[in-house]
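A closer look at the structure
Residues per chain, in single letters:
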Amino acid sequence: MRIAVLSETDSAEPRVAAVPETVKKFKALGVDITVQAGAGQKAGVLDSEYEAAGAEIAGSAADAARDADLVLKVRRPAEDELSLLKRGATVVAIMDPYGNEAALKAMADAGVSGFAMELMPRITRAQVMDVLSSQANLAGYRAVVDGAAEYGRAMPMMMTAAGTVPAARVFIMGVGVAGLQAIATARRLGAVVTATDVRPATKEQVESLGAKFVAVEDDEFKQAETSGGYAKEMSAGYQAKQAELVKGHIAKQDIVITTALIPGRPAPKLVSEDMVASMKPGSVLIDLAVERGGNVAGAKPGEVVVTDRGVKIVGHTNVPGRLAATASSLYARNLYAFVETLIDKESKALAINWDDELVKATNLTRDGSVVHASFQAKTDGPASEAAAVGLAKSETGKAEPAPAPSDAR
């Protein structure tokens, strides 16, 4: 059996799908692994390190993919890459399938079996394979670092001979994996942190990290979670009350970080133009959903927009990729944990159990067809309950907002 690790064709993607640690693990399973030359360079991994771990280095994507039974990537293969793969090959990557039906059809037509890592069910068995959590965790951390870098003042309170410097006020909107890490990071930097979410279960999580929870806690809020751990759609009346509360709160904040994303849909608008205008000059908004339309009015992908009042709206794309080495290491481990379940340990060959719940949840294409229920035939039909409300079960069994779009590419 041969595994190929290809370079990313998108110049804005610095991550890589394997690191020397996982190469060694694959070799221990008795399989051969080929890495395209330069694949890990942007993530700080040299070809010589892959060779030392037991991989072969191929000069081109064509050479790396030739006769490969399994291809590992960060993002789904482009059409010109598909032509390099043999029919029947298996491809595992972050596929970003929502709204990209043409790309899925191209994979099906190429005869490859495509698996989307971001569709991995959040169950106990699959925790180690959860790319959404591993990448969103880094996005939450990096959002605070970026916010601190753009903010022209100190984060912690400082008592000096020249006077006292007040602590920065940081507001996190959306308490999923990214949001929780953002809270923890901002607290470590000494900021005064508040957070909001529509699910009452998150209040305890927020407070356990030393932050204050902000929400209209009426009777409707207390019933805002289903028995399965998902958020219920709130009434227009509640949404109006919550928006009014948030509007008054945002005006007092120095840094606001938004994390809300609904797979397959435009990102919900959380911060209006009026809210942005109410913020103090020098304040910063970090929009982690900017690639899907953004949570913040005026946010632009890949840009730092400065309003007339001097408020910065930061729209960095592929936020986990801004920590390429760490993100690659975690992603590679996620991939290895999943791929290991697809390999027969005795024959050392690919032996996919198509009835396995992990396989069923992540398999997009097979035998020349799109086979995933959410993308078959009527591709604009409803997705799963989790996707429809933008939530997924967390490690604790509670629902969490889906991470930033860069994590679901």
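Residues numbered from 1 in each chain as written. Predicted model: local features only at pLDDT ≥ 70, side-chain atom pairs only at ≥ 80, totals over all residues. Heavy atoms only, no water.

Counting its regular elements, the protein contains 14 helices and 21 strands. When the 409 residues of the protein are sorted by exposure, 53% land in the buried category. Within the protein, residue pairs in contact and separated by at least 24 positions form 66% of the contacts whose partners lie at least 6 positions apart. Surface exposure of the protein reaches about 16,900 Å², of which carbon and sulfur atoms provide 50%. (Helix = DSSP H or I, 4+ residues; strand = E, 2+ residues; numbered from the N terminus. Buried < 20%, exposed > 50% of the residue type's maximum accessible area, 1.4 Å probe, protein only. Contact = heavy atoms within 4.5 Å. Areas by Shrake-Rupley, 256 points an atom, 1.4 Å probe, with all protein chains shown as cover.)

Moving on: the sheet that holds strand 9 (residues 169–173). Strand order across the open sheet formed by 7 strands is 11-10-9-12-13-15-14, with mixed pairing between neighbours. The sheet is open, and its two borders are formed by strand 11 (212–213) and strand 14 (304–306), each paired with just one other strand. Pairing of strand 10 (residues 192–196) with strand 11 involves 2 bridges; the strand directions are parallel. Bridge pairing in strand 11 places Thr194 opposite Lys212. The sheet strands contacting helix 10 (residues 236–250) are strand 9, strand 10 and strand 12 (255–258), and the helix crosses strand 9 at an angle near 155 degrees. (Pairing = 2+ DSSP bridges. Axes fitted to C-alpha atoms, helices over the stretch in contact; angles between N-to-C directions.)

Another point: the packing of aromatic side chains. Tallying each qualifying case throughout the model produces 4 aromatic pairs. Centre to centre, the rings of Phe26 and Tyr336 are 5.0 Å apart; their planes meet at 70 degrees, and the pair counts as edge-to-face. Note that Phe26 is positioned in helix 1 (residues 20–28) and Tyr336 in helix 12 (residues 324–340), a separation of 310 residues in sequence. On the basis of relative accessible area, Phe26 is assigned to the buried category, the value being 1%. Here Tyr336 falls in the buried class, since its relative accessible area comes to 12%. Here a set of aromatic residues connected by ring pairs shows up, and it is made of Phe115, Phe338 and Trp354. Directly above the ring of Trp354 sits Arg366, whose terminal nitrogen or CZ lies 3.8 Å from the centroid. (Phe/Tyr/Trp six-rings, centres within 6.5 Å; stacked < 30°, edge-to-face > 60°. Lys NZ or Arg CZ within 6 Å of the ring centre and 35° of its normal.)

Right, let's get into the sheet that holds strand 19 (residues 369–370). Strand order in this open sheet of 8 strands is 3-2-1-4-5-6-18-19, and the pairing throughout is mixed. The open sheet terminates on both sides in strands that have one partner only, identified here as strand 3 (56–58) and strand 19. Bridge count for strand 5 (residues 90–94) against strand 6 (residues 113–116) is 4 bridges, and the pairing is parallel. Paired with Thr90 across the bridge in strand 6 is Ser113. Helix 5 (residues 101–109) rests against strand 18 (363–366) and strand 19 of the sheet, and its axis sits at about 45 degrees to strand 18.

On to the nonpolar core. Among the nonpolar cores identified, the biggest contains 62 residues, and Phe26, Leu72, Val92, Tyr331 and Phe338 are the most heavily contacted of them. Among the elements that take part in this core, helix 12 stands out by supplying 7 residues, more than any other. Discounting residues that sit within four places of it in the chain, Tyr331 has contacts with Val16, Ala17, Lys73, Val74, Val92, Ala93, Ile94, Met117, Val131 and Gln135. Formed by 34 residues, the second largest nonpolar core is a distinct cluster that contains Met155, Val170, Ala186 and Ala195. (Core = buried A, V, L, I, M, F, W, Y, C linked by side-chain atoms within 4.5 Å.)

What follows is about the pairing of strand 12. Burial along strand 12 is two-sided: Ile255 and Ile257 and Val256 and Thr258, pointing in opposite directions, are all buried. Of the pairings in the sheet, the one linking strand 9 to strand 12 comprises 4 bridges and is parallel in character. By the bridge assignment, Met173 is partnered in strand 12 with Thr258. Sheet analysis places strand 12 next to strand 13 (residues 284–287), joined by 4 bridges and oriented parallel. In the strand pairing of strand 13, Thr258 is matched with Asp287. Considered for its hand, the β-α-β crossover made up of strand 12, helix 11 (residues 273–278) and strand 13 is right-handed. (Right-handed = clockwise from strand over helix to strand, strands pointing away.)

Looking at the element boundaries, Arg122 is found in the loop between strand 6 and helix 6 (131–150). Side-chain polar atoms of Arg122 contact the side chain of Asp130, separated by 2.8 Å. (Polar contact = N/O pair within 3.5 Å; in protein donor to acceptor, adjacent residues only side chain to side chain.)

What follows is about the packing of helix 6 against helix 7 (residues 177–188). Packed helix pairs are specified by the crossing angle of their axes together with the interaxial distance, meaning the distance between the axes. Two elements in contact, helix 6 and helix 7, have axes separated by 7 Å at closest approach and are oriented at 40 degrees. In this structure, the crossing between helix 6 and helix 7 has a hand that is right-handed. In this structure, helix 6 uses Ser133, Ala136, Asn137, Gly140, Tyr141 and Val144 to contact helix 7, whose residues at the interface are Val177, Ala178, Gln181, Ala182, Thr185 and Ala186. Residue composition of the contact of helix 6 with helix 7, grouped by class: 7 nonpolar, 5 polar and no charged. (Left-handed = near helix turned anticlockwise from the far one by under 90°. Nonpolar A, V, L, I, M, F, W, Y, C, P; charged D, E, K, R; others polar.)

Glancing now at the environment of Thr317. For Thr317, the position within the fold is in the loop between strand 15 (312–314) and helix 12. If near-sequence neighbours (up to four positions away) are discounted, Thr317 is found in contact with Val290, Glu291, Pro301 and Gly302.

In the predicted model, the protein carries a mean pLDDT of 89, and 89% of its residues have values of at least 70. Overall, residues 378–409 carries pLDDT values under 50, and its contacts beyond four positions in sequence, including any with other chains, amount to 93 contacts. (pLDDT = per-residue confidence, 0-100.)

This next bit is on the pattern of salt bridges. A side chain with one charge may pair with a side chain of the opposite charge, provided their charged atoms come close. Going through the model one piece at a time under the given rule, you end up with 25 salt bridges. Two residues, Glu21 and Arg333, come together in a salt bridge whose shortest N-O distance is 3.2 Å. Separated by 312 residues along the polypeptide, Glu21 in helix 1 and Arg333 in helix 12 bring together distant segments of the chain. Notably, a salt bridge pairs Arg125 with Glu357, separated by 3.9 Å at the nearest N-O pair. Taken together, the residues span a long stretch of sequence, with Arg125 in the loop between strand 6 and helix 6 and Glu357 in helix 13 (residues 357–362) at a distance of 232 residues. Taking relative accessible area as the criterion, Arg125 reaches 40% and is therefore assigned partly exposed. Overlapping salt bridges bring together Arg2, Lys27, Asp32 and Glu56 as one network. (Salt bridge = Lys/Arg side-chain N within 4 Å of Asp/Glu carboxyl O.)

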